[in-house]
Amino acid sequence: MKCDKCSAPAVLFQRYSGLHLCKAHFFADVEKKIKKEVRKERIEGTLAVAFSGGKDSAVALSVLSDLFSRRGVEIVAITVDEGIAGYRDKALESAAMLVTELGVRWQVASFEEYFDVRVDRLDERPCTVCGILRRSLLNRVAKTVGASTLATGHNLDDEAQTVLMNYLRGDIDRLLRLDHPAKEGLVRRVKPLKYVPEKEVALYAVLKGIPISLDECRYSAGVFRAEVRSVLNELEPKHAGTKYALVKGLERILGLTRREPFQLGHCLQCGEPAVKALCQSCEILRGLQSRGNEAAK
Ligand SMILES: [Zn+2]
Ligand SMILES: [Zn+2]
């Protein structure tokens, strides 16, 4: 098969666009989608990039560093060490390779040093706890390094799953908060890979030779997400563009709703933004502590 744009050999057929693309045109297509997403925000000063070492964040970091290094924007990669033996250690090795190659600043922050917690030692709900603590820690470190914006590696598949999960649960509040305007104390988020399908992110990483960690976290991401993921992967080949339609559709709904930034207070314990008296991470840490005390008795 030949590329529909230049007749070089194709490396990919995009069913949703109907195009065969060669390597060069595939790279250009991914980079165009990333640029378009990033341009929705005005990025200056310091841009933090959440960087796990996996394919998504490695591709995001690599393209963003290319895009901004000549524009006077400093990139800081932030890696969260959750304390998962065997998984994070290896991921840190490939992360170190990429930051050295790109020459970007790198901050590693661990749950142990900030929260005195290792995910390894949790008895229950490790993914929920991990997700909340990771979000909170990324926000804190992004503020510490003076970043106005934090880029995360969520790809089209992740986003489509999240949107559909919230619809299926009827959780409209959370749905409307997915793309919230910046609020005091919370660093603005961008998702550069929001419209790049997961398979294409992987192909991009491989064809560009970007060092990535292939280790998956051994804690599963949740049964419901896995179910929604397989439903979407069944639908997509039969109805090309389903994932895109879900994500784009929500964006249109959000554009139609009047979005007044909801008021946030400050956590009584740590001072970070909070909806209730305590922020989510302090609440979760308090829960862990009291269970720990019970067990010690
Ligand atoms: Zn081509
Ligand atoms: Zn707090």
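Quick note: structure is the one above.
Nothing here was measured: the structure is a model prediction, and the numbers come from that model.

## Some points on the environment of Val163
Here is step 1: When you line up the elements, Val163 lands in helix H6 (residues 156–169).
Here is step 2: Judged by relative accessible area, Val163 falls into the buried class, the value being 1%.
Here is step 3: In sequence terms Val163 and Leu176 are 13 residues apart; their C-alpha atoms lie 9.9 Å from each other.
Here is step 4: Ignoring sequence-local partners within four residues, the contact set of Val163 consists of Leu175, Leu178, Leu246 and Leu250.

## Thoughts on unusual backbone geometry
Here is step 1: Not every positive phi belongs to a glycine, and Ser7 is a case in point at roughly 70°.
Here is step 2: As for its position among the elements, Ser7 is in the segment before strand E1 (10–14).
Here is step 3: Positioned with a positive phi, Asp116 is a non-glycine residue whose angle comes to about 60°.
Here is step 4: Along the chain, the position of Asp116 falls in the loop between helix H4 (111–115) and helix H5 (126–144).

## Comments concerning the coordination of the zinc ion (ligand 2)
Here is step 1: At this site the zinc ion (ligand 2) is bound by Cys267 (SG), Cys270 (SG), Cys279 (SG) and Cys282 (SG), with donor distances of 2.2 to 2.3 Å.
Here is step 2: Motif for the zinc ion (ligand 2), donor spacing along one chain: C-x2-C-x8-C-x2-C.

## Things to note about the pairing of strand E4 (residues 74–81)
As a general feature of sheets, a regular strand has side chains that alternate between the two faces.
Here is step 1: In terms of burial, E4 is largely enclosed, as 7 of its 8 residues are buried.
Here is step 2: When strand E3 (residues 46–50) meets E4, the two strands line up parallel, connected through 5 bridges. Opposite Thr46, over in E4, you have Glu74 as the bridge partner.
Here is step 3: Once you follow E3 into helix H2 (residues 55–68) and on to E4, the crossover reads as right-handed.
Here is step 4: Of the pairings in the sheet, the one linking E4 to strand E5 (residues 105–110) comprises 6 bridges and is parallel in character. Bridged to Val76 within E5 is Arg105.
Here is step 5: Assessed by its sense of winding, the connection that carries the chain from E4 through helix H3 (residues 88–102) to E5 is right-handed.

## Examining the nonpolar core
Here is step 1: Ranked by internal contacts, the top residues of the largest apolar core, which has 34 residues, are Leu47, Leu61, Leu64 and Phe68.
Here is step 2: At the level of secondary structure, the elements contributing two or more residues to this core comprise helix H1 (23–38), E3, H2, E4, H3 and helix H8 (198–208).
Here is step 3: Top element by residues in this core is H2. It accounts for 8 residues.
Here is step 4: With near-sequence residues (within four places) excluded, Phe68 lies in contact with Val38, Ile43, Leu47, Val73 and Ile75.
Here is step 5: Formed by 28 residues, the second largest nonpolar core is a distinct cluster that contains Ala50, Tyr87, Val141 and Leu150.

The rules behind each value
- Residues numbered from 1 in each chain as written.
- Chains lettered and ligands numbered in written order.
- Predicted model: local features only at pLDDT ≥ 70, side-chain atom pairs only at ≥ 80, totals over all residues.
- Heavy atoms only, no water.
- Helix = DSSP H or I, 4+ residues; strand = E, 2+ residues; numbered from the N terminus.
- Buried < 20%, exposed > 50% of the residue type's maximum accessible area, 1.4 Å probe, protein only.
- Contact = heavy atoms within 4.5 Å.
- Donors = N, O, S within 2.8 Å, 3.2 Å for Na, K, Ca; no water.
- Pairing = 2+ DSSP bridges.
- Right-handed = clockwise from strand over helix to strand, strands pointing away.
- Core = buried A, V, L, I, M, F, W, Y, C linked by side-chain atoms within 4.5 Å.

Remember, this is a structural readout, not a statement about activity or role.
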